[in-house]
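# Examination of the molecular architecture
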Amino acid sequence: MTDNALNQASQQIEVARADAAKRPTIAAFFDEATNTVSYVVSDPATGKAAVIDSVLDYEAASGRTDDHSAKLIIEYVKVNNLEVEWLLETHAHADHLSAAPYLQERLGGKLAIGRDIRIVQEVFGKLFNAGSDFQRDGSQFDRLFDDGDRFTIGSLDAIVLHVPGHTPADLAFVIGDAAFVGDTIFMPDFGTARADFPGGDARRLYQSIRRLLSLPSETRLFMCHDYKAPGRDDFAWETTVGQQRAHNVHVRDGVSEDEFVGMRTMRDRTLAMPDLIMPSVQVNIRGGRLPEPEDNGVSYIKIPINAV
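I will try to describe carefully the structure that is included in this document. (Residues numbered from 1 in each chain as written. Predicted model: local features only at pLDDT ≥ 70, side-chain atom pairs only at ≥ 80, totals over all residues. Heavy atoms only, no water.)

Quick look at unusual backbone geometry now. At Asp-53, a residue that is not glycine, the phi angle is positive and equals roughly 55°. Within the secondary structure layout, Asp-53 lies in the loop between β3 (48-52) and β4 (57-59). Classification of Asp-53 as buried rests on a relative accessible area of 3%. Its identity is not glycine, yet Asn-81 carries a phi of approximately 55°, on the positive side. With respect to the element layout, Asn-81 can be found in the loop between α2 (68-79) and β6 (83-88). By relative accessible area, Asn-81 is classed as exposed at 66%. (Helix = DSSP H or I, 4+ residues; strand = E, 2+ residues; numbered from the N terminus. Buried < 20%, exposed > 50% of the residue type's maximum accessible area, 1.4 Å probe, protein only.)

Here you go:
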């Protein structure tokens, strides 16, 4: 069966590799507290930009948010005279709160995520007993992307690839010759993302990763997280398709789907839940907005007891 979206993404990458004007400028912002990498991706010709997977700082002990990480992005955008057109989320993160609404208020841009966020909203809306006021239709976002959807950042071409497995709604954004892969895959020496969250599926994750690794070998891949694999002293978040195919410790060439599923399933059984999963998911399924304040004017994060 022909994969039209993948073919279009591959063609776009080849065109961008042949023409520097079609390749983005990429600035990475690493939040060590959550091991998250956010990106500002901009078009050198027009100054138009997208922000991918931003972070709102959150202290679990006090329940307080902070905008330090978001302000670093704002400063970069303003110093470089950029105009933000998009605030992109690769998925509803379980390890950090999104700063997208905060950034949107100050920088503009359309907030976008995959259409299957509606599945995630339904699952977690029930878990957190969010009530009938919580809309499960993705209306908290300005754009819901489908596989193969195309968009632009200034004069840069971009295409969306649906890569479920970590969650049902994961996307990779291919912009010029670069792919921003969210939590599907990590640096080659660290491997792959977990697949045991509600709606996750190790078999689908393998298929999604192999789809990404069918892109041209020179394709630049940008991770959403890094945890410094054993023996590596520095954080890293950029690699290539070719490097992943040759060296990824979980899913390099030659690892079968059944081998991967067995490994991933066993490994996931040993993993604790992310420290910030409860606040992160409740906020991120709302497009990065806090739950509605109660009658005392305060927003609350729910923690279901013995339910996860």
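On we go from here.
As enumerated under the stated definition, the model contains 18 salt bridges in all. Between Glu-85 and Lys-48 there is a salt bridge, with the nearest N and O atoms lying 3.7 Å from each other. On the criterion of sequence distance, the pair formed by Glu-85 in strand β6 and Lys-48 in strand β3 is long-range, its members being 37 residues apart. Relative accessible area serves as the criterion here: at 24%, Glu-85 is assigned to the partly exposed category. Residue Lys-48 is classed as partly exposed on the basis of its relative accessible area, which comes to 21%. Among the ionic pairs, Asp-226 bridges to Arg-232, the shortest N-O distance being 2.9 Å. Residues Asp-226 and Arg-232 agree in their burial class; the two are buried. (Salt bridge = Lys/Arg side-chain N within 4 Å of Asp/Glu carboxyl O.)

With five of five residues buried, strand β11 (residues 171-175) is to be regarded as a mostly interior element. With burial as the criterion, each face of β11 is covered, one bearing Leu-171, Phe-173 and Ile-175 and the other bearing Ala-172 and Val-174. Bridge count between strand β10 (residues 156-162) and β11: five bridges; the pairing is antiparallel. Residue pairing in the sheet places Ile-159 in a bridge with Val-174 of β11. Examined bridge by bridge, β11 and strand β12 (residues 178-180) share three bridges and lie antiparallel to one another. Within β12, the residue paired with Val-174 across the bridge is Ala-179. (Pairing = 2+ DSSP bridges.)

If you roll a probe as big as a water molecule over the atoms, it shows you where there is empty space left. The calculated volume of the largest pocket comes to roughly 530 Å³. Around the largest pocket sit 25 residues that line it, and Asp-95, Arg-194, Tyr-227, Ala-272 and Pro-274 are the ones nearest its centre. In the lining of the largest pocket, the residues fall into twelve nonpolar, seven polar and six charged. (1 Å grid on protein atoms, 1.4 Å probe; cavity = no way out; pocket = protein on both sides within 12 Å on 5 of 7 lines; lining within 4 Å. Points joined across faces, edges and corners; volume = space filled by probe spheres on them. Nonpolar A, V, L, I, M, F, W, Y, C, P; charged D, E, K, R; others polar.)

What follows deals with the sheet that holds strand β1 (residues 25-31). In spatial order, the strands read β1-β2-β3-β6-β7-β8; together these six strands make up an open sheet with mixed pairing. In the strand order of this sheet, the two ends are held by β1 and β8 (143-145), each with one partner. Ignoring which end each strand starts from, the neighbouring axes of this sheet average 25° apart. Pairing between β3 and β6: five bridges, direction parallel. Considered in β6, the bridge of Ala-50 is made with Trp-86. The sheet contacts of α2 involve β1, β2 (36-42), β3 and β6, and relative to β1 the element is tilted by about 160°. The sheet contacts of helix α3 (residues 100-107) involve β3, β6 and β7 (110-114), and relative to β6 the element is tilted by about 160°. (Axes fitted to C-alpha atoms, helices over the stretch in contact; angles between N-to-C directions. Contact = heavy atoms within 4.5 Å.)

Relative to the assigned elements, Pro-24 resides in the loop between α1 (4-18) and β1. You can call Pro-24 buried: its relative accessible area is 9%. Discounting residues that sit within four places of it in the chain, Pro-24 has contacts with Val-41, Ser-42, Leu-156, Ile-175, Gly-176, Asp-177, Ala-178 and Arg-220.

With the rule as written, the count across this model stands at 16 aromatic pairs. Between Tyr-39 and Phe-180, the ring centres sit 5.1 Å apart and the planes meet at 65°, which makes this aromatic pair edge-to-face. Taken as a pair, Tyr-39 in strand β2 and Phe-180 in strand β12 lie far apart in primary sequence, 141 residues in all. The pair formed by Tyr-39 and Phe-180 is uniform in burial state, with each residue classed as buried. Arranged with centres 5.8 Å apart and planes meeting at 65°, the rings of Phe-186 and Phe-190 form a pair that is edge-to-face. (Phe/Tyr/Trp six-rings, centres within 6.5 Å; stacked < 30°, edge-to-face > 60°.)

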